[in-house]
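Residues per chain, in single letters:
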Amino acid sequence: MNVVRAWELTESGEAVLVDVRDQSKFGLGHPRCALNLPFSLRGLEERLGMLLQPGTSVVLITENSEQAEAALPQFQEGAFNVLGVVEGGIDAWQESDLPWEVLRELSVHDISGAAADGNTVIVDVRESIEWDMGHVPDAILISLGELRERIDEIPREQRVAVICEAGVRSSSAASILQAAGFPDVVNVPEGTGGYRNAGLPLETPDQERS
């Protein structure tokens, strides 16, 4: 699909752009309002179900034609209406001077204690069982699959730092928030795993109750 047509469909609300490039490349720059669904060899359609309502029309942005060929067969169950793949990928988008944005990153060292300043809210998008094993102090838990229905719980006037276990789900969640108009969203690519490995303090539900 031509990049201009892809943007027209997005701007009119007829389709959602889904960028399946990895989270690091998505962070460096992506079409405005695109959602990030980092590529995997299987399960893309199921994972997209955590980001969008079934039946939504989507246009894919891929790294290259090989990635497109590997991604498209994963949408054969029909849960989503795939209208096409952006011809020329992200390079064509940039060359066409269409709306563009970046997703900034924050290190685990910067996230430690960030919520205490009152200017940052940390949103952990893992599942409850992961949260119970240890989370960044003062973070709030909103699992990725619940994010859209609970998005109004997240303050828009603060910086929102999104974290998961390894930076993949958090990139998807951050892209949802960006597309919803949150003005200051950052991803924590090292995730809680990197936070833990850095020896930074984690909190558990028992500590919260004490």
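Attention in this report is confined to the structure presented alongside it. Here the structure is a predicted model, which means the values were calculated and not measured.

**Quick word on unusual backbone geometry**
Phi is positive for C33, close to 75 degrees, though the residue is something other than glycine. With respect to the element layout, C33 can be found in the loop between strand 2 (30-31) and strand 3 (35-36). Positive phi, normally seen in glycine, also occurs at D138, with a value near 75 degrees. Within the secondary structure layout, D138 lies in the loop between helix 7 (128-132) and strand 9 (140-141).

**A few points about the pattern of salt bridges**
If you walk through the whole model with that rule in mind, you get 10 salt bridges. Between R21 and D19 there is a salt bridge, with the nearest N and O atoms lying 2.8 Å from each other. For R21, a relative accessible area of 5% corresponds to the buried category. One salt-bridge network, held together by shared partners, links D124, R126, E165 and R196.

**Points about the sheet that holds strand 7 (residues 104-105)**
Here five strands make up an open sheet; going across it, the order is 7-11-10-8-9 and the pairing parallel. Looking at the sheet topology across the chains shown, the edges are occupied by strand 7 and strand 9. Pairing between strand 8 (residues 120-124) and strand 9: two bridges, direction parallel. Each residue of the ladder has a partner; that of D124, found in strand 9, is L141. On the sheet, helix 8 (residues 168-179) packs against strand 10 (159-163) and strand 11 (185-187) and is oriented at approximately 150 degrees with respect to strand 10.

**Some thoughts on helix 1 (residues 3-11)**
When we look at burial in helix 1, the residues that qualify are V3, A6, W7, L9 and T10. Projection of helix 1 onto a plane perpendicular to its axis shows the buried side chains occupying an angular sector of 160 degrees, all on one side. Check the buried side of helix 1 and you find it contacts strand 1 (16-19), strand 4 (57-61), strand 5 (81-85) and helix 5 (89-95). Two or three places before V4, at the start of helix 1, stands the capping residue N2, its side-chain oxygen 2.7 Å from that residue's backbone nitrogen.

**As for the side chain of Q67**
Here Q67 lies in helix 4 (residues 65-71). In contact with Q67, not counting residues within four places along its chain, are V20, R21, F39 and T62.

**Considering the layout of surface pockets**
Of the volumes computed, that of the largest pocket is approximately 160 Å³. Residues that form the lining of the largest pocket fall into these classes: five nonpolar, three polar and three charged.

**Quick word on the environment of G88**
With respect to the helices, strands and loops of the structure, G88 is situated in the loop between strand 5 and helix 5. Taking C-alpha positions, G88 is 8.0 Å from V3, a pair spaced 85 residues apart along the chain.

**Overview of the packing of aromatic side chains**
Any aromatic ring pair is given by two values, namely how distant the centres are and how the planes are angled relative to each other. What the rule picks out here adds up to one aromatic pair. With 6.1 Å between their ring centres and 85 degrees between their planes, W7 and W93 make a pair best called edge-to-face. Of this pair, W7 sits in helix 1 while W93 sits in helix 5, and the two are 86 residues apart along the sequence. With relative accessibility at 1%, the residue W93 sits in the buried group. The residue whose ring lies beneath R156 is F182, and the NZ or CZ to ring-centre distance is 4.1 Å.

Rules behind the numbers
Residues numbered from 1 in each chain as written. Predicted model: local features only at pLDDT ≥ 70, side-chain atom pairs only at ≥ 80, totals over all residues. Heavy atoms only, no water. Helix = DSSP H or I, 4+ residues; strand = E, 2+ residues; numbered from the N terminus. Salt bridge = Lys/Arg side-chain N within 4 Å of Asp/Glu carboxyl O. Buried < 20%, exposed > 50% of the residue type's maximum accessible area, 1.4 Å probe, protein only. Pairing = 2+ DSSP bridges. Contact = heavy atoms within 4.5 Å. Axes fitted to C-alpha atoms, helices over the stretch in contact; angles between N-to-C directions. Arc of directions from axis to C-beta. Polar contact = N/O pair within 3.5 Å; in protein donor to acceptor, adjacent residues only side chain to side chain. 1 Å grid on protein atoms, 1.4 Å probe; cavity = no way out; pocket = protein on both sides within 12 Å on 5 of 7 lines; lining within 4 Å. Points joined across faces, edges and corners; volume = space filled by probe spheres on them. Nonpolar A, V, L, I, M, F, W, Y, C, P; charged D, E, K, R; others polar. Phe/Tyr/Trp six-rings, centres within 6.5 Å; stacked < 30°, edge-to-face > 60°. Lys NZ or Arg CZ within 6 Å of the ring centre and 35° of its normal.

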